[in-house]
Amino acid sequence: MLPSNIENRNAPPGINSRSMTAAQSAADLEVLREIEHVYFSPPAEFDAARYALEHAPSPPNCEAIERMFTKLKRQQQVVSGKALHLISQQRDNCDREFAEIQNIRSQLADTLQTCRRARERLHAASNHLTISTFVILANVRKRQIIKSVLKSLDLLRSLRSVEKDAADLLNKKEYYEAIELILKSRRAAAVHKEYTCIADLAARLQDTLDMTEEKLDSVLAGVCYEFDERVFQKLKKAYDLLGKTQAAMEQLHMHYCSAVNESAVEAVRPFVDDASEMKFAEMCRAVHASKAPTCLLSLCEKLFLVMRSYYLLVDWHSKNDDRPPSSSDVLEIERNVSREYIRQKLKAGLIRIWHDVQAKVSMFLKSSGLEEYPFEKFIQMLGILRKLTQIAEVFCGDTSDLLHDFIKTQSVSYIKNYHRGRMEELKLFLENEGWEQCPVRSDFNVLSLQEFKQFRKYLNPATSDSAIAGPRGTQSDATSSVPSQDDSEYMLRYFAPNSTRTPFDIFRNENITNDDIFGLEPESDASDYSDDEPDELRRDFVDEADHGDYSDVADRPPASPSRVRDSVIVTNTTLSVLRNCGQYLQIGRYLPQISLEVIMLMNQLFDYYFYTVHSFFTSDLPVSSSTLYSTKLNATLKRITTSIGSADRASSVEFPNVPQHLDLVSEENLHGLSERIVAVESVVFLAKQFELLHPYLEHVVDQPQRMILDHFKESTLAAATDLRAPVYMCSASRAVEASSTLVAMAQVRWNVKEVAVEHSPYVDTVVRKIQVFALRLENVAARVSLNVQVINSVWSMVAKFIVHLLVEGFSNATKCSNGGRSLMQLDYRQLFVKLEKISRLKPVPYQDYVDRYVKAYYLPRNELEEFVKTHTEYSNKHLKALVTCACENKRDRQALIAIIENKEVS
């Protein structure tokens, strides 16, 4: 209780700062600043009166002393006022402190009273108790002291063995128990700080705890390479006990980043001779191209182990740490916040680790020189990268756009470089090709080659529609590079906790196929296709000695070419082109995004082969080519010359020169007719195989790109058969000697007055030449299995040459009567009857060319004028000769000749 005089006292006199004006406050502040600091010294050290007297004005006068007095008094008033103001501000505190003092005084009084009573009772006890009682009490006190000492000694003994016990628990992987023991010992040591030895031991316990945390960190780093659920659960429990769960998660992510780097280095180091001081990028550049595929496989295997460990870590957290809040207290809220932080951290870590893995693989690929990979190794590399993208799809749901773009860019670069080598190889093959027929079965096609084995399902006419088209008519899964649901389910097997395999183990199997590598559907039932490909086709080249090596006479080519219906004429180079196309299609099948580029390179192989055959076997064409070349053939040859010759300088290859070993002048072999037939028919066969591939190619490219394929099919492939005309004409035009035949025809009298009953002598000469040609064609058929189409094409060119030769001979006649015109009709009809019997062409083509020309002699003037204007297939020389002989009226003759000359000028 406070005294009444304290509670009821009035406020201290003096200056009330609340009622002071601003001017007064400023004046007081100025007065305070003028006070010398010495006046604020303690009274024991400073005598204010003496100091004032010592500093009195000199000499003293009343006015100066009055001013000094007034100043000191003013300063005293201001200081007193300020002091009173401060005291009034602290009045409440002062009252509280005073009340506390009064309370303490009361408690001290109570304590003093208690002590007095205790002393009185102790005095009474000392008077009534015996000495033995005090001895017992003393012994009890000693026993308590001894127990306390024993307890302290026992504590010291247990604290001394903490280091060993903690080490034993750590070796047993009992991390939680070890940390719990250390923390418990630390708390016990903190309670007994009075012992000097325990204080020293507490410092050692802290060191032991630090070493234990380092051990936990090393075990945590090991989790990055092989996730063990039991070990990690113990680690998490230990870190929870330490209260460092979030810090441990941060450290774990750092360990995973380090694990990616270390795994990448460890995978590449064995493939580098001296990698002691090299960085990862330098090591990648130092890997030899022959070791690069194996090194890439090892790199992906090592990185996958890190990814699988992290995936299992995330999966464990999602299963074991996804608990709903049980209460709303502060501690539980903090735990929920911590769990959410860890969950978000783990989720972000998936993308981060995949980007690190992707960066390592990309860095290796950029430095390894993909252009030097062998083809099979390159396919294996594509398979490895496809597996890696499938892993990323399961690992973090990333579509690996960067890696896909890199694969596409590098694949296009590789296939172009590979194509350049194949073009140079093709040039070498063509320059050394013997143009002999390879012995293959009559049903041989592109599906018989091993390179197209995996395409049989998609190219077989009976199943191609259902195999190529998907359920919605789109590209099937077999040609898609996007991981399907089956791929993801298959890949999840490798992410299982107890799995010891990796998706890349498949590449260690030497018997594995590319389809297995890429996870594509296997081909259809093997019974649908004959897999017994001839041994000679399994080789890169077919030995020319193999040709005609038949075990039975019945297997030999028939003696008469007219008996052959179906035959396949191919060369070594044709097979080489098809094999290259099969390899190209494999790349396109495994990388659908570059299918169009691959197909364009395939088309370039065909163009090069097509143009080379034309340049080799039409270089000696002795007749005019105006009627031999179709519009498609002319356009195709022009396009090929432009595209291969100058469009792409980086991959362009010069056209080969006509080889010297080709015999195109000997009459015995019909001026190389067998070689010409083999060459042209191999082009036709090659075009048919491209047409067979066309439906499949349409389904592996996008809809807008199919127009390119259709154009190539309708123009270039369709022009393959048109190549027969100019090439076969080179031999057919030499079947009959044109000069001698024209001389013999010039000796015939075409102005006879009577109608002849016998043909002219030159007809028999031409027939004998045709018979010799037929015999030599029989010899050609003994070496080449000619089918009906080939024979008909050859004889068609013979007929075409003969009809032009007849028209040329008829046009040389300066005078022609009606009897002569009848003789002309008799001659060419007799000739065509013989030609039909020899060639078995029914009817002989191009007869109308001669028939129209001869019958034009009978046309009246108006119809003859129309004939001259419309029939442009005849030369002006032929038309002028016709007009000269048919028009007896000089004026009409001159008018028609003028029309012909004007047409020539226009």
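Below or above, wherever it landed, is the structure these notes cover. Model, not experiment: these values are computed from the prediction. (Residues numbered from 1 in each chain as written. Predicted model: local features only at pLDDT ≥ 70, side-chain atom pairs only at ≥ 80, totals over all residues. Heavy atoms only, no water.)

**What to know about the packing of aromatic side chains**
So, step 1. The full count for this structure, using the stated rule, is 32 aromatic pairs.
So, step 2. With centroids separated by 3.6 Å and ring planes inclined at 10°, the aromatic side chains of Phe378 and Tyr414 adopt a geometry described as stacked. In this pair, Phe378 sits in helix H15 (residues 375–396) while Tyr414 sits in helix H16 (residues 401–432), placing the two residues 36 residues apart along the sequence. A single burial state applies to Phe378 and to Tyr414, both of which are buried. (Phe/Tyr/Trp six-rings, centres within 6.5 Å; stacked < 30°, edge-to-face > 60°. Helix = DSSP H or I, 4+ residues; strand = E, 2+ residues; numbered from the N terminus. Buried < 20%, exposed > 50% of the residue type's maximum accessible area, 1.4 Å probe, protein only.)

**Topic: the packing of helix H25 (residues 673–699) against helix H30 (residues 788–811)**
So, step 1. Packing of H25 against H30 brings their axes to within 12 Å, and their N-to-C directions diverge by 125°. In terms of axis orientation, H25 runs oblique to H30. When you trace H25 past H30, the crossing you get is right-handed. Residue-level inspection shows Leu673, Ile677, Glu681 and Lys688 of H25 in contact with H30, the latter providing Gln789, Val790 and Val794. (Axes fitted to C-alpha atoms, helices over the stretch in contact; angles between N-to-C directions. Parallel < 35°, antiparallel > 145°, perpendicular 65-115°, else oblique. Left-handed = near helix turned anticlockwise from the far one by under 90°. Contact = heavy atoms within 4.5 Å.)

**Overview of the packing of helix H22 (residues 572–590) against helix H23 (residues 595–617)**
So, step 1. Contact pair H22 / H23: the axes reach a minimum separation of 9 Å and the direction vectors enclose 170°. Looking at the two axes, H22 sits roughly antiparallel to H23. Across the interface between the two elements, Thr573, Thr574, Val577, Asn580, Cys581, Tyr584, Leu585, Ile587 and Gly588 from H22 touch Ser595, Val598, Leu601, Met602, Leu605 and Tyr609 from H23.

**Here's the deal with the pattern of salt bridges**
So, step 1. In the structure shown here, the tally under the stated rule is 27 salt bridges.
So, step 2. Measuring nitrogen to oxygen at the nearest pair gives 3.8 Å for the salt bridge that ties Arg579 to Glu451. Of this pair, Arg579 sits in helix H22 while Glu451 sits in the loop between H16 and helix H17 (456–459), placing them 128 residues apart in sequence. Across this residue pair, the class does not change: Arg579 and Glu451 are buried.
So, step 3. The salt bridge involving Arg829 is made with Asp851; its shortest N-O contact spans 3.3 Å. (Salt bridge = Lys/Arg side-chain N within 4 Å of Asp/Glu carboxyl O.)

**Here we look at helix H33 (residues 861–870)**
So, step 1. Listed in full, the buried residues belonging to H33 are Leu864, Glu865, Phe867 and Val868. One side of H33 holds all its buried residues, which, seen down the axis, span an arc of 160°. (Arc of directions from axis to C-beta.)

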